[in-house]
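Working through the structure, step by step
Take a look at the letters that make up each chain.
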Amino acid sequence: MNDFDKRIDRLGTHCAKWDKYQDQDVIPAWVADMDFHSPSCLNEALIKRVEHGVFGYTKIDESTIQATIDFIKRHHDWDIKEEWIVWTHGVVVSMNIACRMLLENDEIITTTPVYPHFIKAPKNAQKKVTQVPLRKVNNRWSIDFDEFESHINSYCKLFLFCNPHNPGGTVFTREELEKISDICIKHDLLICTDEIHADLVINPDIKHIPIASLNADIKERSITLMAPSKTFNIAGLQSSFAIIPNKELRLRFEKELTGIGGGINLLAITATKSVYSDGDDWLKDLKSYLLENFNLVKDFVHKNKNLKMLSNDASFLAWIDCSALKVKNPYEFFLQFGVGLSEGAGFGDANFVRLNFGTNKETLRKILTRMQTALDSLE
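These notes cover the structure that comes with them. Here the structure is a predicted model, which is why all the values come from computation and not from measurement. (Residues numbered from 1 in each chain as written. Predicted model: local features only at pLDDT ≥ 70, side-chain atom pairs only at ≥ 80, totals over all residues. Heavy atoms only, no water.)

Next up on the list: the side chain of S94. By the element assignment, S94 lies in helix α4 (residues 91–100). Discounting chain neighbours no more than four positions away, the residues touching S94 are T88, L225, S240 and F253. (Helix = DSSP H or I, 4+ residues; strand = E, 2+ residues; numbered from the N terminus. Contact = heavy atoms within 4.5 Å.)

Laid out in structure tokens, this is it:
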């Protein structure tokens, strides 16, 4: 059994999450990485590679590619081919490349609230982005498909889609994905899907379905973004990939990437092969632990009438509605009581905060206790 309860001191390790508040009495619960040791198989593989002592130009080997293909088949029942994979330094990089592939007057559509780079990437490419609000359906975030389709105009060429959703936690059902597929095909839209949280479905009754696996038509217009980084807590090693079955689309993506990025470094290669080959048991234990943590957050929210949160089927991020608190800025409010959350405005709604519960239970309980103290101060 993995010791996810162990408290690991990350201060002074150039850690973005913890060093942000290193001189303050603030517990960070913001940026999306976890406070857990990665699988032991990873450490062993990295140590062995470092001990070799030579760090020259390195290509991605066949065994790493096969480990990736096998992992996706094992966990998502999707058969992908080696030639479909384009390696990049991160999902955000890939998203920006997808936006730059479009022609000058092409436009982009997405749904909000959403991870900030869904709005930043189109703007970086000087593309107009239409934002369609998600709706609350059966206690989860979903899409009003009629409303979504009504916002598609003749200039719209790309749908940026997040599944599992960040920050909402929704894992879209087959029925929902089929509706999205039908709309994209009907309006001749490409679809770029951020599926970086796909391996972290914590609801045991839910299964993630890559939208590109639905049918041949949507497969041919899909760019699927995946990575081991969130799954195995290795964001600092910068390993990710785009899965692009359509050869013409893949060549366009690779053309935009040429000279700017592409490939991953030798330690990222080593890490990817290791966790995709031998990390399944660790991942199973992690998801059980994250579900326990989510239930702690859910109980906390439910006992405070001025907070709301919908179902959360995936990842380690909780999207909490603070609109009933009647405070000017929920992020600043909780920060005063020593909790550093993610500010909702960047995701599209300043009335919310995003809480990262990917930490040991002792730290999570301290976070929730401080938040409770903040809420009690309003009574």
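Pairing in this open sheet of three strands is antiparallel, and the strands run β11-β14-β13 from one edge to the other. Sheet topology places β11 (317–321) and β13 (342–343) at the edges, where each strand pairs with a single neighbour. (Pairing = 2+ DSSP bridges.)

Here K230 is to be found in the loop between β9 (222–226) and β10 (240–243). Of the side chains with opposite charge, D33 comes closest to the buried, unpaired K230, at an N-O distance of 7.5 Å. (Buried < 20%, exposed > 50% of the residue type's maximum accessible area, 1.4 Å probe, protein only. Lys, Arg positive; Asp, Glu negative; His and termini not counted. Salt bridge = Lys/Arg side-chain N within 4 Å of Asp/Glu carboxyl O.)

A few words now on the packing of helix α11 (residues 280–302) against helix α13 (residues 361–376). The relative placement of two packed helices comes down to the angle between their axes together with the axis-to-axis distance. For the pair α11 and α13, interaxial distance at closest approach is 11 Å and the crossing angle is 10°. In terms of orientation, α11 and α13 fall into the roughly parallel class. Residues Y289, E292, N293, L296, V297 and F300 of α11 touch α13, and the partners they reach there are K361, L364, R365, L368, M371, Q372 and L375. (Axes fitted to C-alpha atoms, helices over the stretch in contact; angles between N-to-C directions. Parallel < 35°, antiparallel > 145°, perpendicular 65-115°, else oblique.)

What follows is about the pairing of β11. Among the five residues in β11, five count as buried, and that is most of the element. Residue alternation in β11 divides its side chains into two sets, L317, W319 and D321 and A318 and I320, and both sets are buried. Sheet analysis places β11 next to strand β14 (residues 352–356), joined by five bridges and oriented antiparallel. For D321, the partnering residue across the bridge sits in β14 and is F352.

Let's shift gears to the pattern of salt bridges. Per the counting criterion, the structure on display carries 16 salt bridges. Its salt-bridge partner being K73, residue D77 comes within 3.0 Å of it at the nearest N-O pair. In this structure K73 comes out as partly exposed when scored by relative accessible area, which is 34%. We note a salt bridge from K179 to E175, for which the minimum N-O separation is 3.9 Å. Of this pair, K179 and E175 are both found in helix α7 (residues 174–186), four residues apart, which corresponds to roughly one turn of the helix. For E175, a relative accessible area of 52% gives the class exposed.

One open sheet holds the seven strands; their spatial order is β2-β10-β9-β8-β7-β3-β4, and the pairing between them is mixed. The open sheet has two edge strands with one neighbour each: β2 (85–88) and β4 (129–133). Taking the axes of each pair of neighbouring strands and ignoring which way they run, one obtains an average angle of 20° across the sheet. In terms of strand pairing, strand β8 (residues 190–194) meets β9 through four bridges, oriented parallel. Note on β9: the bridge partner recorded for T193 is T224. Strands β2, β9 and β10 of the sheet are contacted by helix α3 (residues 62–76), whose axis makes an angle of about 110° with β2.

This paragraph deals with helix α2 (residues 40–52). In an α-helix, one full turn covers 3.6 residues, which means residues spaced three or four apart are oriented alike. Taking 1.5 Å per residue, 13 residues should reach 18 Å; α2 reaches 19 Å between its end C-alpha atoms and fits that length. Along α2, the residues that are buried comprise C41, L42 and L46. Taken down its axis, α2 places every buried residue within 125° of arc, on the same side. Facing away from the buried side of α2 by over 90 degrees, the exposed positions are S40, E44, K48 and E51. Against the buried residues of α2 lie α10 (266–278). (Expected span 1.5 Å × (residues − 1). Arc of directions from axis to C-beta.)

In this section: the environment of N105. Summarising the element assignment, N105 is placed in the loop between α4 and β3 (107–112). Distance in space between the C-alpha atoms of N105 and K127 is 7.5 Å, their sequence separation being 22 residues.

Turning our eyes to something else, we now look at the packing of aromatic side chains. Under the defined criterion, the tally for this structure stands at 19 aromatic pairs. Put simply, the rings of F4, F36, F71, W87, F232, F241, Y276, W282 and Y289 touch in pairs and so form one group of aromatic residues. In this structure, K20 packs its charged tip against the face of W30, placed 4.3 Å from the ring centre. (Phe/Tyr/Trp six-rings, centres within 6.5 Å; stacked < 30°, edge-to-face > 60°. Lys NZ or Arg CZ within 6 Å of the ring centre and 35° of its normal.)

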